[in-house]
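Spelled out, the chains give:
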Amino acid sequence: MGTTKELLIVYPSMQRVFLKESVNVMLTPQFYTLRKETLPVKYAYQAKKIAPSLFDGLLEESDSYEYMVFKEDEQWVFIAYDLEYIGSFLASKGIERSMVSKIFFAQQVVDKFSAPLALGEKEALVMLDDSMVVVPLAALGEEESPTLKFDKTFTPQKGVSLQGDLGSFLTKRQAYALSGVLLLFAALFVAEGLRYDSGENGEEELQSLYEAYPALQSSYTREEVLNKYRNIDTQERKKRDGVKKLSNLIFKGVTLTKLTVTDSKYKADFTCVSTAVSKKLELLAKKENLKTSKIKNSHNLIIEGAL
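Source: prediction; values computed, not measured.

Novice: When you look at the environment of Val41 in this model, what are you seeing that I'm missing?
Specialist: Here Val41 is to be found in the loop between β3 (33-37) and α1 (44-49). Using a relative accessible area of 25% as the deciding quantity, one classes Val41 as partly exposed. On a C-alpha basis, the gap between Val41 and Trp76 in space is 9.2 Å, while along the polypeptide they are 35 residues apart. For Val41, the contacting residues outside a window of four places in its chain are Gln46, Ala47 and Trp76.

Novice: Sorry if this is basic, but what is going on with the packing of aromatic side chains here?
Specialist: Each aromatic ring pair is characterised by the separation of its centres together with the angle its planes make. Counted by the stated rule, this structure contains eight aromatic pairs. Ring geometry for Tyr43 versus Tyr45: centroids 5.9 Å apart, planes at 15 degrees, classification stacked. Judged by relative accessible area, which is 41%, Tyr43 ranks as partly exposed. Since its relative accessible area comes to 53%, Tyr45 is described here as exposed. Taken together, the aromatic side chains of Phe31, Tyr85 and Phe89 make up a single cluster linked through ring pairs.

Novice: Help me understand the pairing of strand β10 (residues 254-261) in this model?
Specialist: Taken residue by residue, a regular strand's side chains alternate between the two faces of the sheet. Bridging between β10 and strand β11 (residues 265-272) involves seven bridges; their strand directions are antiparallel. When the sheet's bridge partners are listed, Val254 is paired in β11 with Cys272. Linking β10 to β11, which pair antiparallel, is a turn of three residues.

Reading guide: rules and limits
- Residues numbered from 1 in each chain as written.
- Predicted model: local features only at pLDDT ≥ 70, side-chain atom pairs only at ≥ 80, totals over all residues.
- Heavy atoms only, no water.
- Helix = DSSP H or I, 4+ residues; strand = E, 2+ residues; numbered from the N terminus.
- Buried < 20%, exposed > 50% of the residue type's maximum accessible area, 1.4 Å probe, protein only.
- Contact = heavy atoms within 4.5 Å.
- Phe/Tyr/Trp six-rings, centres within 6.5 Å; stacked < 30°, edge-to-face > 60°.
- Pairing = 2+ DSSP bridges.

Here is the structure:
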């Protein structure tokens, strides 16, 4: 990720701002909850699976919390945040969603805070025991004046999007292929449009298009391509709808631990903290017309649906 965009530090008492172009945003600790744990896992995706359980009882009841996980020395750092709340706060300060490129957290660049950073006239952002905290300016010693200069060089490599979408089921290779398909779509629509243009210029453009894409001269080929990729689009929409159904099943006491999506079905493993939670989850799944099965000797469920 480049650092060409300006980086704006955001804190509760900040003044309203007026932006002319999009910016990156760094949030102070008031907008996230932090935990550090030493875990016997190697990869971030493994640590992220258990993130919800680490914050059990520490967060307000909400279905909208998301998690960032990264490594600091030998410890895993877990950041829980609520994009819905963050988006609402930013809007109240004049920062619309469309003006936010990426969101970052102060803890991601804890090593850059070599001195306190003033937040308005009464508070400062400081590093304390390798964690970022906000303290009153009056609490700083004489040798701890808030002299740190904050700019876009503080931008971390990894950020989150304020849109908070579900992501794509396409691999990078498939994404590139689909980009080519979209270009071909454009060519197809232009070709069909020019067929109705009887003018001389229209005929010349049509011939140029056929020279660039010889296969498009056949109406059968054009129809075949359209049908093929229309089916792909329909299939991807079904996958997204399936994942949306599963996301609606997550509530306090339920953790999604595994998700598998194929061309014919989607399946998820859910961990439940009690029998009552498991029964509620099973009832919600049946309302969504999903198949449920219990995992032996546990409260956990496997839920699946067809595409």
